[in-house]
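Descriptive analysis of the structure
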Amino acid sequence: MKRFLIVLAAGSFLLGITAFAQAPKTSLPRSVSTSGGSTPDRVTKVGGFVSIPNKMSYQGLLTSPSGAPATDGSYDLKFEIFSISSGGSAIWTETQTGVSIQRGTFSVLLGSVTPLTAIFYQPLWVQVTATAGPGISVPITFTPRSELASSAYSLGPLVPTGTGNYYLPSGYLGVGAPPNNGFNFEVQGSFAEVLAKSSGGYAGFWADKSDAAENAYFVLRTAGLDEWSIGTQGDNNLTVFYWPAFSTYFKINTGDTVQVGNSTQTGAVHVFQDGSSSPVVRLSHHSASVGGQVRVYDDSSNMAVQIEADVNGRGGYLGVYKDIGSTAFAVDGNAFGTGEPRVDIYGNSRSVGFHMDQTGNASVVLPDSSISANEILDEPGISQGIQKTTTVDITGNTATMIDVVTTTLTIPTAGYIVVEASAQAGFSSTTSGNSMICQIDETSGGSYDINYEYNVGFGTASPSGSTWIPVSMRRTYYKAAGTYTFRFEALDNTGAGSKWFWNPVITASFFPTAYGSVSTIISPSTVSDFQNSSSMEVNGEQASGMNQTQAYKVDLRELELKVSKARLEAEKAERDLLNARLQQLKQDNQSPNDK
């Protein structure tokens with residue numbers, strides 16, 4: 001059988017429903033006729049305004065399948081509101097228990113259990129379900145749902161309340177005339193005014209909507225006088241404009257620039273700390289009118305950091321304070337107007353200074369004993385080898401050089417190594433030629449180098465008995481950082497008589513920098529390492545007589561310049577690699593919307 005629900009509405013809402021539901025063959029109600037509307041229940045004033053009740057009166061008539069009124073008694077009724085006529089989910093629901101039915105009729109206030117929410121801006125349908133009552137064993141839902149319709153008095157805001165007053169058609173509010181530009185809120189007329197009365201006149205703002213330059217701004221007024229405007233002044237920039245001086249005091253440009261002040265008015269920004277009466281940061285012009293300055297103060301208004309344009313006309317100055325009026329760190333970009341910078345660190349009893357406006361030793365000031373030898377990685381160094389206990393016999397060693405004495409030196413960076421060797425050479429046991437060839441070299445057991453060999457002794461006739469001759473020599477190298485062994489070595493040049501060295505010494509000294517030319521002789525095989533060289537003939541004497549060979553004179557400083565250039569190129573390559581990695585990391589961290 002069909003169950004009928006007839007709904008009547010009154011008050012704020014009118015709803016009419018004829019609902020049908022299948023039901024078992026019992027003496028259940030056949031149909032219900034209902035009406036719903038707002039009720040004056042709990043109409044109160046809040047903040048000077050009358051609050052609209054959030055309940056809705058709802059009445060109905062329940063009938064049996066034969067059309068007779070339902071049995072008197074107590075019923076549980078479930079009420080649901082949907083935004084569609086069938087299906088979907090309820091957007092509001094409540095169940096009222098113990099609803100009294102007399103002669104088939106009932107009357108309830110929807111919202112008594114669950115307050116009605118702000119849903120009345122869309123088409124709505126009400127669905128009623130009887131869940132308990134005389135003869136009801138299972139819930140009965142009445143269909144179709146009943147659509148809510150607005151009551152007559154709720155149509156008021158949809159039409160003009162008077163000439164030049166407000167309008168609300170289709171959800172748009174117009175003041176002065178109906179909205180016609182598609183805006184939710186629109187004010188018609190040359191100006192819109194919001195005024196608040198005060199003892200001196202009025203204060204408020206005006207919005208200029210019809211300016212020929214398309215300015216859009218609010219004018220803030222005090223005591224009837226225009227004071228400030230906020231908005232655009234004929235461009236796309238946000239401007240704070242001071243009317244009495246007719247001047248822009250603050251502007252945010254579309255190019256990400258914030259302007260404070262203008263060409264005729266000095267601007268300033270002050271940042272305050274909570275509880276402080278004075279600013280802790282000041283951004284303003286320099287007191288000497290030479291540019292800008294930033295000053296940071298501690299919580300007692302003592303200056304902590306000072307950044308400003310240099311008083312000498314160009315450059316800048318940075319000062320960090322350690323105490324009241326006491327500078328700890330200072331950077332002057334234009335020291336005393338010289339165009340040269342100075343950096344000073346002031347301690348309580350000593351200081352450090354780098355003064356590019358000075359020359360020589362005065363350009364750097366360091367505390368006494370502030371740098372030790374261990375802290376200078378490329379300082380000069382020395383190593384020495386000495387043989388004191390026995391003589392070094394050279395007799396009969398005519399084929400290859402033998403070591404007289406050696407020394408090993410490790411240098412931390414590229415530079416010059418000066419090797420010096422000395423000894424007493426002894427000769428005896430023959431009156432014919434008796435001599436040795438000696439040199440400074442790095443190769444063990446090699447032959448002599450005609451560019452650096454020394455002949456010592458007697459070429460044709462030797463004096464009878466033992467003879468001592470002092471020997472001294474030196475040689476200069478340019479080496480990269482590393483460890484090197486140098487040899488004072490010799491061979492027997494004549495094969496006759498005895499020959500030896502007594503008290504041989506070899507010393508190697510390291511110098512990181514040359515302050516003048518460092519000339520040396522090289523063979524043709526290494527001349528390609530130098531851009532500048534001069535050819536020369538080198539004479540060498542062997543046991544067989546005189547010998548000549550080609551050699552070149554060069555300046556070892558060319559190698560120093562090559563090393564410096566290579567070091568700079570390597571540092572640049574490292575910086576380029578680091579920048580590339582940073583760029584890649586930045587790209588990897590970007591979201592898809594940022595790329």
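Small disclaimer: the values here were computed from a predicted structure and weren't measured.

Description of the overall build of the protein chain
Along the protein chain, the regular secondary structure elements total one helix and 43 strands. Every one of the 595 residues in the protein chain was classed for burial, and the buried ones make up 32%. Accessible surface, the protein chain as shown: approximately 33,900 Å² in total, 54% of it carbon and sulfur.

Description of the confidence of the model for the protein chain
Per-residue confidence for the protein chain gives a mean pLDDT of 78, with 74% of residues at or over 70. This stretch, residues 8-51, has a pLDDT under 50; its non-local contacts, to residues over four places away or in other chains, come to 178 contacts. Residue range residues 542-546 is modelled with pLDDT below 50. Its contacts to residues more than four positions away, or to other chains, number eight contacts.

Some details on the pattern of salt bridges
This model, assessed by the stated rule, comprises 11 salt bridges. Among the salt bridges present, the one from arginine 475 reaches aspartate 449, with a minimum N-O distance of 3.9 Å. Of this pair, arginine 475 sits in strand E38 (residues 467-479) while aspartate 449 is found in the loop between strand E36 (434-441) and strand E37 (454-458), placing the two residues 26 residues apart along the sequence. Among the ionic pairs, arginine 557 bridges to aspartate 555, the shortest N-O distance being 2.7 Å. Each of Arg342, Asp344 and Asp357 takes part in one network of salt bridges that share partners.

Section: the sheet that holds strand E31 (residues 364-365)
Strands sit in the order E23-E24-E25-E26-E27-E28-E29-E30-E31 across an open sheet of nine strands; the sheet is antiparallel. The strands lining the two open edges of the sheet, one partner per strand, are strand E23 (269-272) and E31. Looking at chain direction, strand E27 (residues 316-323) and strand E28 (residues 326-332) are connected through six bridges and run antiparallel. Note on E28: the bridge partner recorded for tyrosine 321 is threonine 327.

Some points on a nonpolar patch on the surface
Side chains of Phe218, Leu220, Ile230, Leu238, Ile252, Val258, Val260, Val269, Val271 and Leu283 sit close together on the surface and give an oily, nonpolar patch of about 750 Å² of accessible area. Taken together, the elements giving at least two residues each to the nonpolar patch come down to strand E18 (216-222), strand E22 (258-260) and E23. Looking at the secondary structure, you find valine 269 in strand E23. Taking the relative accessible area as the measure of exposure, valine 269 reaches 33% and is therefore partly exposed.

A word on the side chain of glutamine 293
Mapping glutamine 293 onto the fold places it in strand E25 (residues 292-297). Among residues more than four places away in sequence, those in contact with glutamine 293 are Arg282, Leu283, Ser284, His285, His286, Ser287, Ile307 and Glu308.

Structural notes on the sheet that holds strand E39 (residues 482-492)
Within the open sheet, the four strands sit side by side as E34-E39-E36-E37. Their pairing is antiparallel. Looking at the sheet topology across the chains shown, the edges are occupied by strand E34 (402-411) and E37. Sheet twist, expressed as the average angle between the axes of neighbouring strands with direction ignored, equals 15°.

Details of the nonpolar core
If you look at the biggest cluster of nonpolar residues, it comprises 28 residues, and the most contacted ones within it are Ile417, Val419, Cys438, Phe486, Phe488 and Phe501. Listing elements by their share of this core, those giving two or more residues are E34, strand E35 (415-428), E36, E37, E38, E39 and strand E40 (498-511). In terms of residues, this core owes the most to one element, E35, which gives six residues. When residues no more than four places from it in sequence are discounted, the contact partners of cysteine 438 are Tyr452, Glu453, Tyr454, Val456, Val471, Met473, Phe488, Glu489, Ala490 and Phe501.

Concerning unusual backbone geometry
Phi is positive for serine 429, close to 75°, though the residue is something other than glycine. Looking at where serine 429 falls in the secondary structure, it is placed in the loop between E35 and E36. Residue class for serine 429 comes out exposed when judged on its relative accessible area of 62%.

A word on the environment of aspartate 235
Tracing the backbone shows aspartate 235 in the loop between strand E19 (225-232) and strand E20 (238-242). Assessed through its relative accessible area of 28%, aspartate 235 is described here as partly exposed. When the C-alpha atoms of aspartate 235 and asparagine 253 are compared, they prove to be 9.4 Å apart, with 18 residues separating the residues in sequence.

What about the packing of aromatic side chains?
Tallied over the full model, the rule gives five aromatic pairs. Between tyrosine 477 and phenylalanine 486, the ring centres sit 5.1 Å apart and the planes meet at 40°, which makes this aromatic pair tilted. Like phenylalanine 486, tyrosine 477 is buried. Positioned over the ring face of phenylalanine 82 is arginine 145, at 3.5 Å from the centre of the ring. Here the guanidinium or amino end of arginine 475 rests over the ring plane of tyrosine 452, the centre of that ring lying 3.7 Å away.

Here's the deal with the pairing of E40
Every regular strand shows the same layout, with side chains that alternate between the two sheet faces. Across the 14 residues that make up E40, a large majority, 11, are buried. Relative to E40, strand E33 (residues 392-393) is paired through two bridges, and the arrangement is antiparallel. Residue pairing for E40: aspartate 393 is matched across the bridge by tryptophan 500.

What to know about the side chain of serine 509
Within the fold, serine 509 resides in strand E40. Using a relative accessible area of 12% as the deciding quantity, one classes serine 509 as buried. In this structure serine 509 touches Gly381, Ile382, Leu409, Tyr416, Ile417 and Val418, once residues within four positions along its chain are discounted.

With respect to the environment of serine 447
Relative to the assigned elements, serine 447 resides in the loop between E36 and E37. Look at serine 447 and you get exposed, because its relative accessible area is 53%. Every residue in contact with serine 447, bar those within four places of it in the chain, is listed here: Met401 and Gln439.

Looking at the environment of tyrosine 346
The residue tyrosine 346 is located in strand E29 (residues 342-346) in this model. Using a relative accessible area of 37% as the deciding quantity, one classes tyrosine 346 as partly exposed. Once residues lying within four places of it in the same chain are set aside, the contact partners of tyrosine 346 are Lys322, Thr327, Ala328, Ala330 and Ser351.

What counts and how
- Residues numbered from 1 in each chain as written.
- Predicted model: local features only at pLDDT ≥ 70, side-chain atom pairs only at ≥ 80, totals over all residues.
- Heavy atoms only, no water.
- Helix = DSSP H or I, 4+ residues; strand = E, 2+ residues; numbered from the N terminus.
- Buried < 20%, exposed > 50% of the residue type's maximum accessible area, 1.4 Å probe, protein only.
- Areas by Shrake-Rupley, 256 points an atom, 1.4 Å probe, with all protein chains shown as cover.
- pLDDT = per-residue confidence, 0-100.
- Contact = heavy atoms within 4.5 Å.
- Salt bridge = Lys/Arg side-chain N within 4 Å of Asp/Glu carboxyl O.
- Pairing = 2+ DSSP bridges.
- Patch = residues over 30% accessible without salt bridge, like charges linked within 9 Å, V, L, I, M, F, W, Y side chains within 5 Å.
- Axes fitted to C-alpha atoms, helices over the stretch in contact; angles between N-to-C directions.
- Core = buried A, V, L, I, M, F, W, Y, C linked by side-chain atoms within 4.5 Å.
- Phe/Tyr/Trp six-rings, centres within 6.5 Å; stacked < 30°, edge-to-face > 60°.
- Lys NZ or Arg CZ within 6 Å of the ring centre and 35° of its normal.

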